[in-house]
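Listed here are the chains, written in short residue letters.
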Amino acid sequence: MTQPPANSLSPQDVKFEDAHLKKIFLEHLNSIYCGKQHLIHFFEEIQGLSTLKFLKKTIQECSDDAQEQLQHLDGIFNSINQDQSKISVLGMKAMTLEAYISAIKAGKTPMERDVFIVFYLQLIEGIEVTYFKVLKNLAKAIGYSNTFLDKPFNQAVEDRVMFESIYKEYISEPAP
């Protein structure tokens, strides 16, 4: 009996080898790691552009969290006996470049810059939530404990909600 064409398969019909899932997991883990390294530099840049002390402090906390998460990710690499390797994070770099250019665009008031910064920080946290959720699902499928991803996942969710709240505060009271 012949196999149906791959494009007619449903997701339930697709079966991955354990080694393939581990490869995908490792690639995503590397992507998050390299993305975090990039974000630490981005946070430094936008912290200097932001106006309000509260926003500067919040961005610093995100940078500190990212540093802590890198250490946590190092522990994950050690626990699965793998080394971290460089991987391209062009999508993240393009988005942070867009954020930086939007924030410094001529004619923006300091408050408008802050609103753009917070908007892009929400997008970044949304991406992180997705990445950590994917990693949790992959870890479970491979048989790794996925509880080691709870803390960074929960942190990303909290940060996303926090930036959404800050954004709403900025835009909720229009000036008279």
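In this report, the structure presented in the accompanying data block is examined.

Rules used in this analysis
Residues numbered from 1 in each chain as written. Predicted model: local features only at pLDDT ≥ 70, side-chain atom pairs only at ≥ 80, totals over all residues. Heavy atoms only, no water. Helix = DSSP H or I, 4+ residues; strand = E, 2+ residues; numbered from the N terminus. Contact = heavy atoms within 4.5 Å. Buried < 20%, exposed > 50% of the residue type's maximum accessible area, 1.4 Å probe, protein only. Expected span 1.5 Å × (residues − 1). Arc of directions from axis to C-beta. Axes fitted to C-alpha atoms, helices over the stretch in contact; angles between N-to-C directions. Parallel < 35°, antiparallel > 145°, perpendicular 65-115°, else oblique. Left-handed = near helix turned anticlockwise from the far one by under 90°. Nonpolar A, V, L, I, M, F, W, Y, C, P; charged D, E, K, R; others polar. Core = buried A, V, L, I, M, F, W, Y, C linked by side-chain atoms within 4.5 Å. Phe/Tyr/Trp six-rings, centres within 6.5 Å; stacked < 30°, edge-to-face > 60°. Lys NZ or Arg CZ within 6 Å of the ring centre and 35° of its normal. Patch = residues over 30% accessible without salt bridge, like charges linked within 9 Å, V, L, I, M, F, W, Y side chains within 5 Å. Areas by Shrake-Rupley, 256 points an atom, 1.4 Å probe, with all protein chains shown as cover. Salt bridge = Lys/Arg side-chain N within 4 Å of Asp/Glu carboxyl O.

Residue position: Phe42 is located in helix α1 (residues 18-49). What Phe42 contacts, discounting residues up to four positions off in sequence, is Thr96, Ala99, Tyr100, Leu121 and Ile124.

For the rest of this paragraph, the subject is the environment of Asp83. On the secondary structure map, Asp83 appears in the loop between α2 (53-79) and α3 (90-104). Exposure remark for Asp83: the relative accessible area of 66% places this residue in the exposed category. The sequence separation of Asp83 and Asn30 amounts to 53 residues, and the corresponding C-alpha distance is 9.2 Å.

A word on α3. End to end, α3 covers 21 Å across 15 residues, agreeing with the expected 21 Å (1.5 Å per residue, within 8%). Looking at α3, one finds that the buried residues are Met92, Met95, Thr96, Ala99, Ser102 and Ala103. Looking straight down α3, one finds that the buried residues subtend no more than 120° of arc, so they occupy a single side. Where α3 is buried, its residues touch α1 and α4 (110-142).

Now for the packing of α4 against helix α5 (residues 150-172). When two helices pack together, their arrangement is given by the angle between the helix axes and the distance between those axes. Between α4 and α5, the least distance of the axes is 8 Å, while the angle of their chain directions is 155°. As judged from the angle between their axes, α4 and α5 are roughly antiparallel. Crossing hand, α4 versus α5: left-handed. Tallied by class, the residues present in the contact of α4 with α5 amount to 15 nonpolar, two polar and nine charged.

Among the nonpolar cores identified, the biggest contains 44 residues, and Phe25, Phe43 and Leu121 are the most heavily contacted of them. Taken together, the elements giving at least two residues each to this core come down to α1, α2, α3, α4 and α5. Ranked by residue count, the leading element in this core is α1, at 13 residues. The contacts of Phe25, once residues within four sequence positions are left out, are Ile80, Leu135, Leu138, Ala139, Ile142, Tyr144, Phe148 and Leu149.

Applying the stated rule across the entire model yields five aromatic pairs. Aromatic rings pair up to connect Phe119, Tyr120 and Tyr167 into one cluster. For the cation-ring pair, Lys108 lies above Phe116, with the distance from its terminal atom to the ring centre recorded as 4.2 Å. A cation sits over an aromatic face here: Lys133 above Phe153, 5.8 Å from the ring centre.

Let us now look at a nonpolar patch on the surface. Side chains of Leu52, Phe54 and Met111 sit close together on the surface and give an oily, nonpolar patch of about 270 Å² of accessible area. By secondary structure assignment, the location of Phe54 is in helix α2.

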